[in-house]
Amino acid sequence: MKNESPGRKLRADARLNREQIIEAARALIAERGAEVPMEEVARRAGVGTATLYRRFPDREALVRGVALDGFHRVVAIARDAEDEEPDAWRALSRFIRRAAAELRLATWLSIWFTSTWEQLHADPEERRLRQTLLKILDRLVRRAQADGDLRHDVDAGDLTLMMALLLRPMPGLRAELTQRSVDRYLALMLDGLRAHPHIQPLPDSDIGLADLGGG
């Protein structure tokens, strides 16, 4: 068997370093908020500060890396749910429950790093991921409605906005209470989305997928 080439090994090491840095930043931001020192991220990742700054020259670059990694994870969760669940309602329920942690972090980042988040929305990769996610959700919504499992007066935009509003952090609430509350209210949200004979009609909405970047 041929030995691995030095160039390939270097690329693999660089990729591993990047993954370790992003994982450390994700965990520290979730634990401690927006002002985590870059040096602490390097320590948690097990890399030197020079390596950290070589991969991410500043905090904004690191936040963009964490955000894009989270978007990739959310799209993967949606794809797996669509491919693996026996019907669209179960796929939607699975996505909503499993994507909550990733989307909560994205919500926090959008609040703490407003200018970086605005720049990220212009990123072609972020736009592609957002459009992919909304298309998957739109397919699942339409299928679940055709199956009679999901109320007819909601769409993928409603799901996206409901989760974004639900996952916004509440000042002063401890992290463990936040998590338990999110799990409880996601269950309530899913129950409210179920089709049944006596649902109350919703007010009209002027927000569509195109408004969320899905068009």
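Residues numbered from 1 in each chain as written. Predicted model: local features only at pLDDT ≥ 70, side-chain atom pairs only at ≥ 80, totals over all residues. Heavy atoms only, no water.

Some thoughts on the pattern of salt bridges
Moving on, step 1. Enumeration according to the criterion identifies 16 salt bridges in this entry.
Moving on, step 2. Measuring nitrogen to oxygen at the nearest pair gives 2.7 Å for the salt bridge that ties R73 to D69. You can see R73 and its partner D69 sitting in helix α4 (residues 59–84), 4 residues apart, about one turn around the helix.
Moving on, step 3. Residue classification places D69 among the partly exposed residues on the basis of a relative accessible area of 22%.
Moving on, step 4. One salt bridge connects R94 with E85, and the closest N-O pair in it is separated by 2.9 Å.
Moving on, step 5. Assessed through its relative accessible area of 22%, E85 is described here as partly exposed.
Moving on, step 6. Each of E23, R26, D69, R73 and E102 takes part in salt bridges that share partners, so that together they form one network. (Salt bridge = Lys/Arg side-chain N within 4 Å of Asp/Glu carboxyl O. Helix = DSSP H or I, 4+ residues; strand = E, 2+ residues; numbered from the N terminus. Buried < 20%, exposed > 50% of the residue type's maximum accessible area, 1.4 Å probe, protein only.)

A word on the UniProt feature "DNA-binding region" (unreviewed entry) in the chain
Moving on, step 1. UniProt annotation of "DNA-binding region" (unreviewed entry) refers to residues 37–56 when read in the numbering used here.
Moving on, step 2. Across residues 37–56, the secondary structure splits into 75% helix and 0% strand, with the terminal C-alpha atoms separated by 13 Å. (UniProt positions renumbered as here; feature names shortened; annotations may be inferred.)

A few points about the nonpolar core
Moving on, step 1. If you look at the biggest cluster of nonpolar residues, it comprises 61 residues, and the most contacted ones within it are V41, F95 and L109.
Moving on, step 2. The contact partners of L109, leaving out residues within four places of it in the chain, are I29, V63, V66, A67 and W117. (Core = buried A, V, L, I, M, F, W, Y, C linked by side-chain atoms within 4.5 Å. Contact = heavy atoms within 4.5 Å.)

Considerations on helix α2 (residues 38–45)
Because an α-helix completes one turn every 3.6 residues, residues spaced three or four positions apart along the sequence face the same direction.
Moving on, step 1. For α2, the set of buried residues is M38, E40, V41, A42 and A45.
Moving on, step 2. Just beyond α2, the residue with positive phi is G46, at close to 75 degrees.

Details of the environment of F95
Moving on, step 1. Positionally, F95 belongs in helix α5 (residues 88–112).
Moving on, step 2. The spatial distance from the C-alpha of F95 to the C-alpha of E82 is 8.6 Å, given a sequence separation of 13 residues.
Moving on, step 3. Not counting residues up to four positions away in its chain, the partners in contact with F95 are V74, I77, A78, A81, L103, L133, L137 and M163.

Description of the environment of V66
Moving on, step 1. Within the secondary structure, V66 is located in helix α4.
Moving on, step 2. Overall, V66 belongs to the buried group, its relative accessible area being 1%.
Moving on, step 3. In the structure, V66 is positioned 42 residues away from A24 in sequence and 9.7 Å away in space, judged by C-alpha atoms.
Moving on, step 4. With sequence-adjacent residues up to four places away left out, V66 is seen in contact with I22, A25, R26, L105 and L109.

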